[in-house]
Amino acid sequence: MCRAVRPALAEEMWDMMRQSVCVAALTLASIFPLDLRAQLTRTDSQPVRQHDLVRATSLRIRATVHDGVATTEIDEVLRNDGAADAEAVWLLPLPANAAADGFTMTVGDKEMQGEVLDAQRARAVYEEIVRRRRDPGLLEYYGDACLRARVFPIPPRGEVVVKVRFRHVLPQHGGMHEWRFPLRAFVASGRQPERVSVDLQITSTSPLRNVLSPMQACQVILQSDRKAHLSAEMTTANLPTRDLQVLYSLSQAEFGLNALTYRRPGEDGYFMLMLSPRREATDKPAMARSVQFVLDTSGSMAGRKIEQAKNAVRFFVRSLAPQDRFNVIPFATEAEPFFSAPTAATAEALATAMQKIDNLQARGGTNIDDALRRALSAHADANGTTAAGMLPIVVFLTDGEPTVGQTDRDKLLAAARDLNQAKARLFVFGVGDTLDTKLLDRLADENDGARDYVREDEDIELKTSDLFAKLSHPALTDLAVQIDGVETRDVQPQRLPDLFVGSQVLVLGRYSSSGKASIRLRGALNGVVQEFVYAADFAADDRRDDFVPTLWAQRKVAQLLDAIRLNGQRPELLDEVRRLAKEFGIVTPFTSHLIVEEGMRLGAVGNLPTGARRDFRPSGSAGPGSVGPSTPGPQDRNAPADARQRLVQLGAKASGSEAVADSLEIKNIAANDAPRRAETKRQGDATTPASPAVATRAGGRTFYRVGDRWVDQACSAEWEKRAVRIEAFSTEYFELLAKAPDLKAVFALGNRIVLAIGERVIEVVPPAGG
């Protein structure tokens, strides 16, 4: 055993961490390739079981990353519910470049001895624990170095706080630093903490760019060009089932661009481009805007809605910069602009606008036609263009369908296309449910804006102020990306949005050829077109960032669902939604029944006796890498009927709570925003119950829960006739893992797995007697 040492160099960081606010444990898990896992095992030959009396009540992680070097402190509280002293072994898988002399471990107030095992010795430890406990969770970290220490005593009905601290140099790939926390380890074992928190601070002497976590639980805030903050809080019930990960890049360039790829040999690859601007001021003048706030003041806005809307307009006026032009256009039976044309944002004009806002009242009908004509035509001069270098923006807020003037949806859309010669960005806010979602969404989509809805119990001012904050600093408009050197296809989004300071644009797609590529970014700044060129490597074999294919598929499905909703049901669109949902296990309120059907196919349900059908109900705990929530078991064909109907009837209604929910749901699917998706569920919507996962991604593959097995989606329905069975934890099992290390994540799913390897089908079965 080698005693853990606290070096003088690390002492400084230690003092800094003691002063930091502790809101930490799982978001940090998102940023380091820190393969960390607490495994509790007895020191005798008896395995730890679920009923053992030592449990982890909380896990807290605090970390600071400065110029690519991370100092991490982990606090885990172990509680002994028994009547005698307890003992455990604490096992921590380590990142490849962790500094061994930087480790300290304390239990209570005592510094403990620990043993640092290199990868070869650690492999034997992992294998022995996996065999003895018959728990494959550690296979995720098979072959990584680890820290092992004995934790004793844990007093009866008492607690011990285990503290581990170490320094780590972050690895880089694709031009990005990566921090990862092995959350999978905690979920896979029976010892996952009851509460987890993470607090990560990133600072850098070079400007930060493209700070990203693919995990929904992690909130990422880029506070400045040189500082970012990441945090998360979770409980056992909502722990993500894959490791948390955070990526960030550094760049002195005005616009940072990074490319991540994923590709398995013999298949087309996936790519993701991340683009973000500098936050700090440059020597270039700020882009001026011509902004108009179009506000519905019809009778239906009376009461709380009109007061909230007036506060939103006040925030809008206060957000204007001296170089901006603006107008406020209230409309009811007709539109009544504050000014005859967009006016300069002088102190006098702003004061006049504030006074007029106070006098707004809700009354009359809803003349959307007149409001759009006033707003869109006012941006253009006699030549049909806006003032040179100005970004034209319209923010349109309404709570109703058109009742005065032109009310035909198609004619209103056609008129907007004709009037918008200045190419104003049209951002739409719908308030409540009695409005035409197809009209509003297409207005936003066809005019390079965005849509959002404010439900009856939501705050209008909060949502609109978020948009104004984003729109306050345009960085580059009329974006276009061209990739030279490789063949690409299926790029999402099809039209790129404008880029604003503090925001990030993600571009996802497929590629067939491989090699070095040049990425050309074009855009306009103050009316001047500029081009930036970046180098990237589109790999022939790269299986590190396996979240990239799922994000691409999710964006693609959202785009298809929106096309169906807005333009009508077409067989080819429905077929593509079905194919992608099944291939990637994408669970949404529109596709959950497809996941059930795929599980039935892989289970050959038609060839089984009726009584066996109940085996297809998902059982056990959620598997690692779950793509989404599960649906009721397929033995009841009516259970997922609501989800089936939502897909079949998608777009049938343009107004009402279901139409609004569908619009918001698809918008949030595209944004990979599960927490907000939960808020948009319709009343009584039972399509996404909190039950075990039925689809999961592991090792670049999609698996479906069929009874107590995870079955590879690539298998045919007749896989059982061809399957070669091997026992979990047998010599043959570990030999297969040694030959194909990328199966680590697959084997970590459990000891009942079916997977396709080329023409072969391998079924992993529990060991004899297990």
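Predicted model, so just to flag it, every value in this text is computed and none were measured.

### Topic: helix 17 (residues 731–739)
Listed in full, the buried residues belonging to helix 17 are Tyr733, Phe734, Leu736 and Leu737. On an axial view of helix 17, the arc spanned by its buried residues comes to 155 degrees, and they lie on one face. Those residues of helix 17 that are exposed and angled more than 90 degrees off the buried face are Thr731, Ala738 and Lys739. If you follow the buried residues of helix 17, they end up packed against helix 2 (119–133), strand 34 (724–727), helix 18 (744–747) and strand 36 (760–765).

### Focus on the confidence of the model for the protein
Here the protein shows a mean pLDDT of 80. Residues at 70 or above account for 81%. By mean pLDDT, the top-scoring element of the protein is helix 5 (residues 347–358) (96), and the lowest-scoring one is helix 1 (residues 8–19) (33).

### Structural notes on the pattern of salt bridges
Overall, the coordinates contain 51 salt bridges when judged by the stated rule. Its salt-bridge partner being Glu307, residue Lys310 comes within 3.8 Å of it at the nearest N-O pair. With Lys310 and Glu307 both in helix 4 (residues 304–318) and three residues apart, this pair spans about one turn of that helix. Given the relative accessible area of 5%, Lys310 is considered buried. Sharing partners across several salt bridges, the network here consists of Arg55, Arg79, Asp81, Glu159 and Glu194.

### Quick notes on the packing of aromatic side chains
A full pass over the atoms with the stated rule returns 16 aromatic pairs. A ring pair is formed by Tyr270 and Phe584, whose centres lie 6.1 Å apart and whose planes are at 90 degrees; its orientation type is edge-to-face. Of this pair, Tyr270 sits in strand 18 (residues 269–277) while Phe584 sits in helix 11 (residues 571–584); the two residues are 314 residues apart in sequence, bridging distant segments of the chain. On the basis of relative accessibility, which here comes to 8%, the residue Tyr270 falls in the buried class. Classification of Phe584 as buried rests on a relative accessible area of 1%. By the ring-pair criterion, three or more aromatic residues cluster together here, those being Tyr142, Phe729, Tyr733, Phe734 and Phe747. The ring of Tyr142 has Arg123 sitting right over it, with the charged end atom 4.8 Å from the ring centre. Taking NZ or CZ as reference, Arg646 lies 4.7 Å from the ring centre of Phe590, over its face.

### Looking at the environment of Arg725
Within the fold, Arg725 resides in strand 34. A relative accessible area of 45% places Arg725 in the partly exposed class. Residues Arg725 and Val761, spaced 36 residues apart in sequence, show a C-alpha to C-alpha distance of 8.6 Å. Setting aside its immediate chain neighbours within four residues, Arg725 contacts Glu720, Glu763 and Val765. In this structure the side chain of Arg725 is engaged in a polar contact, spanning 2.8 Å, whose partner is the side chain of Glu763.

### Structural notes on the sheet that holds strand 27 (residues 499–500)
The strands making up a sheet are joined through hydrogen bonds of the backbone, oriented either antiparallel or parallel. A sheet is described by the order of its strands in space; here four strands give the open sequence 27-25-29-30, paired in antiparallel fashion. Of all the strands in the sheet, the pair left with one neighbour each is strand 27 and strand 30 (528–538).

### Some thoughts on the pairing of strand 20 (residues 325–331)
For strand 20, the tally of buried residues reaches six of seven residues, placing the bulk of the element in the interior. Strand direction decides the pairing type here: strand 19 (residues 289–296) and strand 20, joined by seven bridges, are parallel. Each bridged residue has a counterpart across the sheet, and for Ser290 the counterpart in strand 20 is Arg325. In terms of handedness, the path from strand 19 via helix 4 over to strand 20 forms a crossover that is right-handed. Taken together, the two bridges between strand 20 and strand 21 (residues 343–344) define a ladder with antiparallel strand orientation. Looking across to strand 21, one finds that Phe326 is bridged to Thr343.

### Digging into the pairing of strand 36
Within strand 36, five of the six residues are buried, which leaves it mostly tucked inside the rest of the structure. Looking at chain direction, strand 34 and strand 36 are connected through four bridges and run parallel. Residue pairing in the sheet places Ile726 in a bridge with Val764 of strand 36. Inspection of the sheet shows strand 35 (residues 753–757) paired to strand 36 by five bridges, in the antiparallel sense. Looking at strand 36, one finds that Ile753 is bridged to Val764. Between strand 35 and strand 36, which pair antiparallel one after the other, the connecting turn spans two residues, and Gly758 there sits at a positive phi close to 65 degrees.

### Observations regarding helix 2
Relative to the 21 Å expected for 15 residues at 1.5 Å per residue, helix 2 spans 21 Å between its end C-alpha atoms, a close match to the ideal helical length. Along helix 2, the residues that are buried comprise Ala122, Val125, Tyr126, Glu127, Ile129, Val130 and Arg133. Looking at the buried positions of helix 2, the neighbouring elements they touch are strand 4 (86–93), strand 7 (113–117), strand 8 (146–154) and helix 17. In the stretch just after helix 2, Arg134 is the one whose phi turns positive, near 55 degrees.

### Observations regarding the packing of helix 4 against helix 9 (residues 460–471)
One way to put it is that helix 4 packs onto helix 9 with a least axis distance of 8 Å and a crossing angle of 20 degrees. It follows from the interaxial angle that helix 4 and helix 9 lie roughly parallel. As for the relative orientation of helix 4 and helix 9, their crossing is right-handed in sense. Each of Lys305, Gln308, Ala309, Asn311, Ala312, Phe315 and Phe316 in helix 4 lies in contact with helix 9, whose residues at this interface are Ile460, Glu461, Thr464, Ser465 and Phe468. Partitioning the contact of helix 4 with helix 9 into residue classes produces six nonpolar, four polar and two charged.

### A short note on unusual backbone geometry
Peptide bonds are, in most cases, trans, and in most cases residues other than glycine have a negative phi. In this structure, Pro153 follows Phe152 across a cis peptide bond, with omega equal to -5 degrees. Position of Pro153 relative to the elements: it lies in strand 8. A cis amide bond, omega -5 degrees, links Gln492 with the succeeding residue Pro493. Looking at where Pro493 falls in the secondary structure, it is placed in the loop between strand 26 (488–492) and strand 27. The backbone of Lys423 shows a phi angle near 60 degrees, a positive value even though the residue is not glycine. Accessibility expressed as a relative area gives 58% for Lys423, which makes it exposed.

### Quick look at the side chain of Ser290
Within the secondary structure, Ser290 is located in strand 19. On the accessibility criterion, Ser290 (0% relative accessible area) is buried. Apart from the residues within four sequence positions on either side, Ser290 is in contact with Arg325, Pro342, His379, Met390, Leu391, Pro392 and Ile393.

Rules and cut-offs
Residues numbered from 1 in each chain as written. Predicted model: local features only at pLDDT ≥ 70, side-chain atom pairs only at ≥ 80, totals over all residues. Heavy atoms only, no water. Buried < 20%, exposed > 50% of the residue type's maximum accessible area, 1.4 Å probe, protein only. Helix = DSSP H or I, 4+ residues; strand = E, 2+ residues; numbered from the N terminus. Arc of directions from axis to C-beta. Contact = heavy atoms within 4.5 Å. pLDDT = per-residue confidence, 0-100. Salt bridge = Lys/Arg side-chain N within 4 Å of Asp/Glu carboxyl O. Phe/Tyr/Trp six-rings, centres within 6.5 Å; stacked < 30°, edge-to-face > 60°. Lys NZ or Arg CZ within 6 Å of the ring centre and 35° of its normal. Polar contact = N/O pair within 3.5 Å; in protein donor to acceptor, adjacent residues only side chain to side chain. Pairing = 2+ DSSP bridges. Right-handed = clockwise from strand over helix to strand, strands pointing away. Expected span 1.5 Å × (residues − 1). Axes fitted to C-alpha atoms, helices over the stretch in contact; angles between N-to-C directions. Parallel < 35°, antiparallel > 145°, perpendicular 65-115°, else oblique. Left-handed = near helix turned anticlockwise from the far one by under 90°. Nonpolar A, V, L, I, M, F, W, Y, C, P; charged D, E, K, R; others polar.

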